[in-house]
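# Observations on the three-dimensional arrangement
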Amino acid sequence: YPINKPRNAEWSFAGPFGTWDQGALQRGFKVYREVCSACHGMKLIYFRDLADLGYSEDQIKAIAAEYEVQDGPNEDGEMFERPARAADRIPSPYSNVAESRAANGGAYPPDLSLIAKARAPERGFPTFIFDILTMYAENGPDYIYSLLTGYKEAPEGEEILDGLYYNPYFVAGKALAMANPLSDDIVDYDDGTPQTVEQYSKDVSHFLMWAAEPGLVDRKRQGFVVLLFLLIFAGLLYFTKKKIWANVQ
Ligand code: HEM
């Protein structure tokens, strides 16, 4: 099925000098918590990882304490619930795939921890050739952003099965089992950022990119230092070689 190439957004983490936008990360996490987490887990993320978003230790403890996690067995051999701590993972809404399918009419909302890396539709000819050369790596967040902003009425004549929702950006067909989860003003932003579907989608995609590759910005920075080192080292080697061989005709 022909897939629409994702819309390309501006990401602060793109390019060789990309950086995370902590405001966007915090807003994206809020969108995840208040909307997406009703159906999607992020089981690879620990509360302590949220320090990257700019939260202090106390703020992280407070966020974690809003969740209950299962622990145990205790001395009586029983499992029990307790408030989450910084060292716990973000709890998933369902405890297993069967339960999540049962709650979603047979469909399975995937865990979102790695989704920004797990989906990367190519941007079509000829862009994909340049994308290889420029190492374009933002297809994942572009895709999530496009999917979330892409819901619309199915065109005349398109058959859409019951329980599916038309979206031209979905990778595996023309409709998916997730209804449009976002609408304007459903999440309150306290920093004056517009509360629109467009903005929510962009922020949550930014957050999901961080979740899938938290080391992205550090990796780029280190890569830059390595290249700088190699350049200087190559220069030193060149002059060393000149000096050593100076007397040889
Ligand atoms: C699938 C993101 C909210 C139910 C997906 C996919 C993504 C996603 C990226 C994968 C699509 C693919 O396979 O390419 C989000 C985000 C949300 C959100 C960022 C919050 C803004 C929700 C909510 C529900 C839900 C609230 C349940 C009411 C599902 C289901 C699927 C799905 C059932 C599987 C669709 C299929 O394979 O046909 N979601 N989602 N999602 N989501 Fe969500």
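Above this text you will find the structure in question.
Described in the following lines is the structure provided in the data block. (Residues numbered from 1 in each chain as written. Predicted model: local features only at pLDDT ≥ 70, side-chain atom pairs only at ≥ 80, totals over all residues. Heavy atoms only, no water.)

As a further point, take the overall build of the chain. Counting secondary structure elements, the chain contains 8 helices and 4 strands. Once the C-alpha set of the chain is aligned to its principal axes, its extents read approximately 85 × 60 × 40 Å. Expressed as a percentage of the 249 residues in the chain, the buried residues total 36%. Taking the contacts inside the chain whose residues are at least 6 apart along the sequence as the reference set, 62% of them involve residues at least 24 apart. A total of about 15100 Å² of accessible surface is found on the chain, and carbon and sulfur atoms cover 57% of it. Of the charged side chains in the chain, 24 are positive and 35 negative; the average position of the first set lies 13 Å away from that of the second. (Helix = DSSP H or I, 4+ residues; strand = E, 2+ residues; numbered from the N terminus. Buried < 20%, exposed > 50% of the residue type's maximum accessible area, 1.4 Å probe, protein only. Contact = heavy atoms within 4.5 Å. Areas by Shrake-Rupley, 256 points an atom, 1.4 Å probe, with all protein chains shown as cover. Lys, Arg positive; Asp, Glu negative; His and termini not counted. Charge placed at Lys NZ, Arg CZ, Asp CG, Glu CD.)

Here we take up the coordination of the iron atom of the ligand. Each protein donor to the iron atom of the ligand is listed here as His40 (NE2) and Met178 (SD); together their distances run 2.0 Å. Given 6 donor atoms and angles of 85 to 178 degrees at the metal, the environment of the iron atom of the ligand is assigned as octahedral. Placement of His40 in the loop between helix H1 (22-34) and helix H2 (57-65) and of Met178 in the loop between strand S4 (175-176) and helix H7 (197-212) is noted, with a sequence separation of 138 residues between them. For His40, a relative accessible area of 9% translates into the label buried. Classification of Met178 by relative accessible area gives partly exposed; the value is 24%. (Donors = N, O, S within 2.8 Å, 3.2 Å for Na, K, Ca; no water. Tetrahedral: all angles 85-135°; square planar, octahedral: opposite > 155°, others 65-115°.)

Right, let's get into H7. Because an α-helix completes one turn every 3.6 residues, residues spaced three or four positions apart along the sequence face the same direction. Helix length check: H7, at 16 residues, gives a terminal C-alpha distance of 22 Å against a target of 22 Å (1.5 Å per residue), a fit within 8%. Where burial is concerned, most of H7 is hidden: 14 out of the 16 residues are buried. (Expected span 1.5 Å × (residues − 1).)

Before going further, it helps to examine a negative patch on the surface. A grouping of Asp184, Asp185, Asp188 and Asp190 is seen on the molecular surface, where their side chains present a negatively charged patch. By secondary structure assignment, the location of Asp188 is in the loop between S4 and H7. (Patch = residues over 30% accessible without salt bridge, like charges linked within 9 Å, V, L, I, M, F, W, Y side chains within 5 Å. Salt bridge = Lys/Arg side-chain N within 4 Å of Asp/Glu carboxyl O.)

Spanning 29 residues, helix H8 (residues 216-244) covers 41 Å between terminal C-alpha atoms, matching the ideal 42 Å at 1.5 Å per step. Taken as a whole, H8 has its buried residues at Leu216, Val217 and Lys220. Among the structural elements, H7 are those in contact with the buried residues of H8.

Attention shifts here to the site of the ligand. In the region of the ligand, 21 residues are neighbours, and Cys36, Cys39, His40, Tyr143 and Met178 sit closest. One nitrogen or oxygen atom from the side chain of His40 is found 2.7 Å from a nitrogen atom belonging to the ligand. In terms of residue count, helix H6 (residues 139-149) provides more of the shell around the ligand than any other element does, 3 residues in total. (Near = heavy atom within 4 Å. Polar contact = N/O pair within 3.5 Å; in protein donor to acceptor, adjacent residues only side chain to side chain.)

Here we come to the packing of aromatic side chains. This model, assessed by the stated rule, comprises 13 aromatic pairs. Aromatic pair Phe17 and Phe224: ring centres 5.3 Å apart, planes at 70 degrees, arrangement edge-to-face. A residue pair is termed long-range when its members are at least 10 positions apart, and Phe17 in the segment before H1 and Phe224 in helix H8 qualify at 207 residues. Between Phe125 and Phe128, the ring centres sit 6.5 Å apart and the planes meet at 55 degrees, which makes this aromatic pair tilted. Residue class for Phe125 comes out exposed when judged on its relative accessible area of 64%. Aromatic rings pair up to connect Phe29, Tyr32, Tyr55, Phe207 and Trp210 into one cluster. Between the NZ or CZ atom of Arg123 and the centre of the ring of Tyr136, over which it lies, the distance is 3.7 Å. It is Lys202 that lies over the ring of Trp11; its NZ or CZ is 5.8 Å from the centre. (Phe/Tyr/Trp six-rings, centres within 6.5 Å; stacked < 30°, edge-to-face > 60°. Lys NZ or Arg CZ within 6 Å of the ring centre and 35° of its normal.)

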